[in-house]
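Chain by chain, the residues run as shown.
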Amino acid sequence: MTESGPEATTATAASGKKMELGPVGHLGDRLFSAFARGSGGLVVLIVAFVGIFLLALAIPSLADDKSSFLFSRIWEPGGDQPRFGIAAMFYTTVISSIIAMLIAVPIAIGVALFITYYSPKRLAQPVAYAVDLLAAVPSIIYGLWGIMFFAPILLPVINGLSDALGWIPLFEKPAGDNVGVVFTASVVLAIMILPVVTAISREIFAQTPITHREGALALGATKWEMIRMAVLPYGRSGVVSASMLGLGRALGETVAVLIILSVPNGNDPWNSSIFAGGETFASKIANNAAEFDSPEKTGAYIAAGLVLFVVTFLVNSAARIIVDRSTPGAKRPRRNRRAGTAQGASA
Amino acid sequence: MTAIAENKPAYDGQALDLTGKSGARAFKNTLATVLIVLAFLVAMIPLVWILGTVVSKGYHLLLNADWWSQSQRGITVRREGGGAYHAIMGTLIMALITAVIAVPIAVLGAVYLVEYGKGTRAAKVVSFMIDILTGVPSIVAALFVYAVWITIFGFNRVGFAVSLSLVLLMLPVVLRSTEEMLKLVPDELREASYALGVPKWKTIMKVVVPTAFGGIVTGVMLGLARVMGETAPLLILVGYSKNINLNPFNGFMGALPTMINQDRTELALQPAADRVWAAALTLILLVLVLNVLARLVARFSAIKSK
């Protein structure tokens, strides 16, 4: 995709050369190319600015922090002794996104396989559109629907899980029937990232070379064996990177989580259970937008936002690296080799 | 030979059927099929459920002309009446400003990637930055604009600030789809134009971009659909106003997501609940119409290769 390979490069180089036959250094050309380059540069500047400005505003507050920023769970940015630790937010953000992924990825793989290899041809396209529609529903509507209609039917699931596994702190249910818990948020997040993971997996599965598939079938494999032996190994890295992109989306989701998660009482002890409330980076920042009255408090929230930015950046880069390294892997080395020989021949 | 002859009777019946598979394999195959179909059905439940809920709870206010022409001015949570005109206009105005800023940068950036920088290290850096921008959570984009617009420059919370943060979210969507479309434009077209002595910039403006126009429009619509539903920047960068305010540089501004957010804590009150779901339906309709239009445009303007 972005890696167009040497073939493409040589093609442009060639057309670039042809260009020089025409009016060289045409004013319009120079202006237009400057605009195009400027826009490219602007994108780089914007991203750099995002990082730099967030950092610049976060640092003074971080310097005033009276507790350990990364390891403390106490968040009290106001007052004479500002203390802000992100450990609790970090935990809720990560655990909710991971559970969302655990739910969404298997279903997304199933849906992608259904669209590519199981559904009748005429149904495949509409089904793909329908799943994409899930991505078109604004997140505030997910939040509203999630807490009003979906959460109540999750209550038996929550009770069942905590009855069976309650001896593990992660599944320990606090007293009362609170549905605005991390688990509910995770399931709604799972629905929200499903289209992303499905769309990318679908594309990758569809690219499985037909020779691999027919080879498996010719050897007498059942359809499932063909998928397990030809399609899944081929698509594995694509699915992994799709999941990472989904994870990145889940980590940063704001409003749905904000609406669903109940914020624990200030005096309540911290609870690590997924059946308790909590706050993620994004929901904490959005919840307290009204508190941005002093530069110091704002800086504290910006510092939290910066951590979220870094985490999503790492996750998304990992997705990209996996894609670059291996998804077209079956194709790329071959293409390079071909290009290599072609260049060798011409030289 | 004799061995085969001897064996033959033993295979009579089933085993000559070469398409057959052992029970365990056949069972696994069936199980996989069932699970995969099940996954699809499970995935469809939330879609049908959400759309069903929003439509059934929200449609009746939309049938009222007031919904499209009145604001919520002077109407309290407990009172019926008013409409969503202020919020619809707010959403449209902010989205429009976002598009006006984001689309030229995105299209020119894509032109740079495809026509000028292809294969260069600089283009790789730009491409990588776009990927980062794609992954930036909306709340971080909003915080960034907050940091610059409000903390550093000392401006007020206004609609324009929201648009600035939405630019960060819309830019990568439009840029990527434009890039894909420009790549699809056959090189023959460019070469024919160059051969006629047309300068590169005119070739791009008159041949390449018009050929890819449908795809660019698709990307813009998908980008618009994405930013219209964003709520986090609205929460941080502009206050919600029940009055009609069409000026993005001054005062608070209503928008559909914040209109939902405003009354969502009062869902026990019927008038408030009605408005929340009607606003949600309006928002979904806006976003869906854009999505469907984008698909139609994409279908009817696809570049025919060869």
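Residues numbered from 1 in each chain as written. Chains lettered and ligands numbered in written order. Predicted model: local features only at pLDDT ≥ 70, side-chain atom pairs only at ≥ 80, totals over all residues. Heavy atoms only, no water.

Peer 1: Mind laying out the overall build of chain A, listing which residues take part and the relevant values?
Peer 2: Along the backbone of chain A there are 12 helices and 2 strands. Helices and strands appear in chain A in the N-to-C order α-α-β-β-α-α-α-α-α-α-α-α-α-α. Evaluated residue by residue, chain A yields a buried proportion of 51% over its 347 residues. Counting contacts in chain A only where the partners sit at least 6 residues apart, residues at least 24 apart contribute 74% of the total. (Helix = DSSP H or I, 4+ residues; strand = E, 2+ residues; numbered from the N terminus. Buried < 20%, exposed > 50% of the residue type's maximum accessible area, 1.4 Å probe, protein only. Contact = heavy atoms within 4.5 Å.)

Peer 1: Give me the lowdown on the interface of chain A and chain B, citing residues and values where you can.
Peer 2: Across the contact, 86 residues belong to chain A and 86 residues belong to chain B. When chain A packs against chain B, the two sides together hide about 7600 Å² of surface, and 81% of this comes from carbon and sulfur. When the buried surface of chain A facing chain B is broken down by residue, Phe32, Leu144 and Trp145 of chain A rank first, second and third, together holding 9% of it. Between the two partners, chain A and chain B, sit 3 salt bridges. For arginine 295 of chain B, the salt bridge identified is with aspartate 132 of chain A, shortest N-O distance 3.3 Å. Inspection of the region where chain A meets chain B yields 8 residue pairs in polar contact (both at pLDDT 80 or more). Considering each element in turn, the side of chain A that touches chain B owes the most residues, 19 residues, to helix 2 (residues 27-64) of chain A. Counted by class, the side of chain A that touches chain B contains 58 nonpolar, 20 polar and 8 charged residues. (Buried area = accessible area lost by both parts, 1.4 Å probe. Salt bridge = Lys/Arg side-chain N within 4 Å of Asp/Glu carboxyl O. Polar contact = N/O pair within 3.5 Å; in protein donor to acceptor, adjacent residues only side chain to side chain. Nonpolar A, V, L, I, M, F, W, Y, C, P; charged D, E, K, R; others polar.)

Peer 1: Please set out the nonpolar core residue by residue, giving values where relevant.
Peer 2: One finds Ile141 and Tyr142 of chain A together with Ile139, Met170, Ile236, Leu237 and Ile260 of chain B to be the most contacted residues of the largest nonpolar core, which totals 201 residues. Setting aside residues up to four positions removed in sequence, methionine 170 of chain B forms contacts with Thr98, Ala99, Ala102, Val103, Val220, Gly223, Leu224 and Val227 of chain B. (Core = buried A, V, L, I, M, F, W, Y, C linked by side-chain atoms within 4.5 Å.)

Peer 1: I'd like to hear about the packing of aromatic side chains, residue by residue, with values.
Peer 2: For the coordinates displayed, the defined rule picks out 21 aromatic pairs over all chains. Judged by centre distance (5.3 Å) and plane angle (40 degrees), the ring pair of phenylalanine 292 of chain A and tyrosine 301 of chain A falls under tilted. In this structure, phenylalanine 292 of chain A and tyrosine 301 of chain A share a single accessibility class: buried. With a centroid separation of 6.2 Å and 75 degrees between ring planes, the pair formed by phenylalanine 313 of chain A and phenylalanine 128 of chain B is classed as edge-to-face. One end of the pair, phenylalanine 313 of chain A, is in helix 11 (residues 295-326); the other, phenylalanine 128 of chain B, is in helix 5 (residues 121-135), on a second chain. (Phe/Tyr/Trp six-rings, centres within 6.5 Å; stacked < 30°, edge-to-face > 60°.)

Peer 1: Describe the packing of helix 10 (residues 213-228) of chain B against helix 13 (residues 270-300) of chain B, and please don't skip the residues or the numbers.
Peer 2: Residue and element names in this part refer to chain B. The contact between helix 10 and helix 13 brings their axes to 8 Å, and the two run at 165 degrees. Of the possible angle classes, the one that applies to helix 10 and helix 13 is roughly antiparallel. Along this stretch, helix 10 crosses helix 13, giving a crossing that reads as left-handed. When helix 10 is examined against helix 13, the residues Gly214, Val217, Thr218, Met221, Leu222, Leu224, Ala225 and Met228 are found in contact with a partner set consisting of Leu283, Leu286, Val287, Leu290, Asn291, Leu293, Ala294, Val297 and Ala298. (Axes fitted to C-alpha atoms, helices over the stretch in contact; angles between N-to-C directions. Parallel < 35°, antiparallel > 145°, perpendicular 65-115°, else oblique. Left-handed = near helix turned anticlockwise from the far one by under 90°.)

Peer 1: Give a detailed account of the side chain of asparagine 245 of chain B, specifying residues and quantitative values.
Peer 2: Residue and element names in this part refer to chain B. Relative to the assigned elements, asparagine 245 resides in the loop between helix 11 (232-237) and helix 12 (256-263). Within the structure, asparagine 245 has its side chain in polar contact with the backbone oxygen of phenylalanine 252 (distance 2.6 Å). Each residue touching asparagine 245, except ones within four places of it in the same chain, is listed here: Asn250, Gly251, Phe252 and Met253.

Peer 1: Now, about the packing of helix 4 (residues 85-116) of chain B against helix 7 (residues 159-184) of chain B: what can you tell me, with residues and values included?
Peer 2: Residue and element names in this part refer to chain B. It is the contact of helix 4 with helix 7, at a shortest axis distance of 6 Å, that shows an interaxial angle of 35 degrees. Note that helix 4 runs across helix 7; the crossing there is right-handed. Of the residues assigned to the contact of helix 4 with helix 7, the class counts are 23 nonpolar, 5 polar and 3 charged.

Peer 1: Give a detailed account of the environment of valine 179 of chain A, specifying residues and quantitative values.
Peer 2: All names here are of chain A. Here valine 179 is to be found in the loop between helix 5 (139-165) and helix 6 (182-206). Residue valine 179 is classed as buried on the basis of its relative accessible area, which comes to 19%. Through-space distance from the C-alpha of valine 179 to that of glycine 277 is 8.6 Å; in sequence the pair is 98 residues apart.

Peer 1: Describe a nonpolar patch on the surface, and please don't skip the residues or the numbers.
Peer 2: All names here are of chain B. Where nonpolar side chains cluster on the molecular surface, the patch consists of Phe27, Leu31, Leu35, Val37, Leu38, Leu41, Val42 and Ile45 and spans about 700 Å² of accessible area. Among the secondary structure elements, leucine 31 is positioned in helix 2 (residues 23-62). On the basis of relative accessibility, which here comes to 41%, the residue leucine 31 falls in the partly exposed class. (Patch = residues over 30% accessible without salt bridge, like charges linked within 9 Å, V, L, I, M, F, W, Y side chains within 5 Å. Areas by Shrake-Rupley, 256 points an atom, 1.4 Å probe, with all protein chains shown as cover.)

Peer 1: Can you lay out the pattern of salt bridges for me, pointing to particular residues and giving the numbers?
Peer 2: This structure, assessed with the given rule, holds 14 salt bridges over all chains. Taking the shortest distance from any N to any O, the salt bridge between arginine 320 of chain A and aspartate 131 of chain B comes out at 2.1 Å. Of the two residues, arginine 320 of chain A is situated in helix 11 and aspartate 131 of chain B in helix 5; the pairing between them involves two chains. The residue arginine 190 of chain B makes a salt bridge to glutamate 115 of chain B at a minimum N-O spacing of 2.7 Å. Here glutamate 115 of chain B lies in helix 4 and arginine 190 of chain B lies in helix 8 (residues 187-195), a separation of 75 residues in the sequence. Accessibility assignment for this pair places arginine 190 of chain B and glutamate 115 of chain B in one class, buried. Here the salt bridges do not stand alone but share partners, grouping Arg320 of chain A together with Asp131, Arg176, Glu179, Glu180 and Lys183 of chain B into one network.

Peer 1: Give a description of the confidence of the model for chain B that names residues and reports values.
Peer 2: Note: predicted coordinates in regions of low pLDDT should not be interpreted at a detailed level. Residue and element names in this part refer to chain B. When pLDDT is averaged along chain B, the result is 88, and 92% of the positions lie at 70 or above. Model confidence for chain B, summarised as mean pLDDT per element, is weakest for helix 1 (residues 2-11) at 49 and strongest for helix 4 at 95. Confidence drops under a pLDDT of 50 for residues 1-5, and excluding neighbours within four residues, the segment shows 0 contacts in the predicted structure. (pLDDT = per-residue confidence, 0-100.)

Peer 1: Provide a residue-level description of empty space enclosed by the protein, including the pertinent values.
Peer 2: Going through the model one piece at a time under the given rule, you end up with 2 cavities of 30 Å³ or more. Its volume calculated, the largest cavity comes out at about 70 Å³. Lining of the largest cavity is provided by Gly90, Thr91, Met94, Ala95, Val162, Leu166, Val227, Met228, Glu230, Leu234, Ala255 and Pro257 of chain B. For the lining of the largest cavity, the secondary-structure elements that each account for two or more residues are helix 4, helix 7 and helix 10 of chain B. If you tally residues by element for the lining of the largest cavity, the top one is helix 4 of chain B, at 4 residues. Of the residues assigned to the lining of the largest cavity, the class counts are 9 nonpolar, 2 polar and 1 charged. Of all the secondary structure elements, the ones that give two or more residues to the lining of the second largest cavity are helix 8 (223-252) of chain A together with helix 2 of chain B. For the lining of the second largest cavity, the class distribution of residues is 1 nonpolar, 2 polar and 4 charged. (1 Å grid on protein atoms, 1.4 Å probe; cavity = no way out; pocket = protein on both sides within 12 Å on 5 of 7 lines; lining within 4 Å. Points joined across faces, edges and corners; volume = space filled by probe spheres on them.)

Peer 1: So what's going on with the environment of leucine 290 of chain B? Which residues, and what values?
Peer 2: Residue and element names in this part refer to chain B. Among the secondary structure elements, leucine 290 is positioned in helix 13. Between the alpha carbons of leucine 290 and methionine 221 there is a distance of 5.7 Å; along the sequence they are 69 residues apart. Contacts of leucine 290, omitting those with residues within four sequence positions, involve Met221, Leu224, Ala225 and Met228.

Peer 1: Explain the confidence of the model for chain A to me, using residue names and the numbers behind them.
Peer 2: Residues and elements named next belong to chain A. Per-chain confidence: chain A averages 83 in pLDDT, with 86% of residues scoring 70 or above. Confidence scores differ between elements of chain A, with helix 12 (residues 332-346) showing the lowest mean pLDDT of 33 and helix 3 (residues 87-118) the highest of 95. A low-confidence stretch, residues 1-23 (pLDDT under 50), is modelled with 30 contacts involving residues beyond four sequence positions or located in other chains. Scored below 50 in pLDDT, residues 327-347 makes 21 contacts in the model with residues more than four places away or belonging to other chains.

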